[in-house]
Amino acid sequence: MKKQLIDLLVCPACLPNENSLNVEIKDQDHGDVITGALNCSICDKQFLIEDGIAFLDPCLNGTDSTNPPQKYEQEDVVSSYLWSHYGDLLNDENASDAYQKWSAQVESSSGVSIDLGAAVGRFTFEMSRKCELAVGIDNSVAFIKTARELQKKGEIKVWLKEEGEIRREVTIR
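Described below are features of the structure shown in this document. Note that the coordinates shown come from a computational prediction; the quantities given were computed from them, not determined experimentally. (Residues numbered from 1 in each chain as written. Predicted model: local features only at pLDDT ≥ 70, side-chain atom pairs only at ≥ 80, totals over all residues. Heavy atoms only, no water.)

## Points about the overall build of the protein
Applied cut-off: Runs of H or I in DSSP of at least four residues are treated as helices and runs of E of at least two as strands, each being numbered from the N terminus. The reference for a compact globule is 2.2 Å times residues^0.38; the radius of gyration itself is calculated from the C-alpha atoms. Burial status follows relative accessibility: with a 1.4 Å probe on protein chains alone, a residue under 20% of its type maximum counts as buried, one over 50% as exposed, and anything between as partly exposed. Accessible surface area values rest on a Shrake-Rupley calculation with a 1.4 Å probe, where residue burial reflects the displayed protein chains alone. Think of it this way: Lys and Arg go in the positive column, Asp and Glu in the negative one, and His and the chain ends go nowhere. For this purpose, a charge sits on NZ of Lys, CZ of Arg, CG of Asp or CD of Glu.
What the protein contains, in helices and strands, is 4 helices and 8 strands. Taken over C-alpha atoms, the radius of gyration comes to 17 Å for the protein, in line with the 16 Å a tight globule of 173 residues would show. C-alpha atoms of the protein, sized along the principal axes, occupy 55 × 45 × 30 Å. Taking all 173 residues of the protein together, the buried fraction comes to 37%. A total of about 10800 Å² of accessible surface is found on the protein, and carbon and sulfur atoms cover 47% of it. Considering the protein, the positive charge centre built from 18 side chains and the negative charge centre built from 29 side chains are found 3 Å apart.

## Section: the pairing of strand E5 (residues 112-116)
Formally: Strand pairing follows a simple DSSP-based rule, namely that at least 2 bridges must link the two strands. The handedness rule is simple: strands pointing away from the viewer, and a clockwise path from the first strand over the helix to the second, make the crossover right-handed.
Along E5, the buried face is formed by Ser 113 and Asp 115; none of Val 112, Ile 114 and Leu 116, which line the opposite face, is buried. Two strands pair when backbone bridges link them, and E5 and strand E6 (residues 133-137) are joined in this way by 5 bridges, in the parallel orientation. For Val 112, the partnering residue across the bridge sits in E6 and is Leu 133. Between the parallel elements E5 and E6, the chain passes through helix H3 (residues 122-127) in a crossover that is right-handed.

## What about the packing of aromatic side chains?
Two numbers describe a pair of aromatic rings. These are the distance of the centres and the angle of the planes. Basically, it comes down to this: Stacked, tilted and edge-to-face are the three classes applied to pairs of Phe, Tyr and Trp rings, where Trp contributes its six-membered ring and a pair requires centres within 6.5 Å; stacked means planes under 30 degrees apart, edge-to-face means over 60, and tilted covers the rest.
The tally for this structure, following the rule as stated, stands at 4 aromatic pairs. A centroid spacing of 4.6 Å and a plane angle of 45 degrees characterise the contact between Tyr 81 and Phe 143, whose relative ring orientation is tilted. Residue Tyr 81 is located in helix H1 (residues 75-86), and its partner Phe 143 is located in helix H4 (residues 141-153); the two are separated by 62 residues in the primary sequence. Owing to a relative accessible area of 2%, Phe 143 belongs among the buried residues under this scheme.

## Side note on a nonpolar patch on the surface
Applicable threshold: Surface patches are defined over residues having more than 30% relative accessible area and no salt bridge, joining like charges when they lie within 9 Å and nonpolar side chains (Val, Leu, Ile, Met, Phe, Trp, Tyr) when within 5 Å. Whenever Lys or Arg places a side-chain nitrogen within 4 Å of a carboxyl oxygen from Asp or Glu, that contact is recorded as a salt bridge.
A cluster of nonpolar side chains, Leu 8, Val 112, Ile 114, Leu 116 and Ile 137, forms an exposed patch at the surface whose accessible area comes to about 500 Å². It is E5 that contributes the most residues to the nonpolar patch, 3 residues altogether. For Val 112, a relative accessible area of 47% translates into the label partly exposed.

## Description of the side chain of Asp 115
Where we set the bar: Contacts are assigned to residue pairs that have any heavy atoms within 4.5 Å of one another.
Residue placement: Asp 115 occurs in strand E5. Here Asp 115 sits buried without a salt bridge, and the closest side chain of opposite charge, Arg 122, lies 9.7 Å off (N-O distance). Ignoring any residue separated from it by four or fewer positions in sequence, one finds Asp 115 in contact with Phe 123, Thr 124, Val 135, Gly 136 and Ile 137.

## Thoughts on the sheet that holds strand E4 (residues 53-54)
Note on sheets: strands pair through backbone hydrogen bonds, and any given pair is parallel or antiparallel. A sheet is described by the order of its strands in space; here 4 strands give the open sequence E1-E2-E3-E4, paired in antiparallel fashion. Edge strands, defined here as strands with exactly one partner in the open sheet, are strand E1 (21-29) and E4. Sheet topology places E1 next to strand E2 (residues 32-40); 8 bridges connect them, and they run antiparallel. Across the sheet, residue Glu 24 finds its bridge partner in E2, namely Ala 37.

Rendered as structure tokens:
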């Protein structure tokens, strides 16, 4: 989680009241909070930050290894989303260029852009070219981890499903 987001966050458990959260940083790297917590002094809720991901759902907190993976946490689903979001960058003739078209409709701004349901981050990355700060939000840990890896490294190698069990490795940049 980017440190610059801390001052923008309010306690989701206290909504509609906008109560600030206090950050407890255990580990950080280049302006990124890797491990820590966000604490509300009003309701005493704590929201964990694990692997750079802030878990702000007031009903859930952190990863739960006791439950089987949900649909959006499965490798094949992540792969499918990567293709649908970045296939045009792979010059796939069957891919859509919707993300480029959508972002072309948005004017540049000095403000903040929030992509709710960001999935693997394509629209958030497109918006980062148009505003000071683009923030992607999603409930899928696998999607967020994938988008964060792409953001940090500038590229990601993935196995895309071709048909049945046939896969091909591609690099998305």
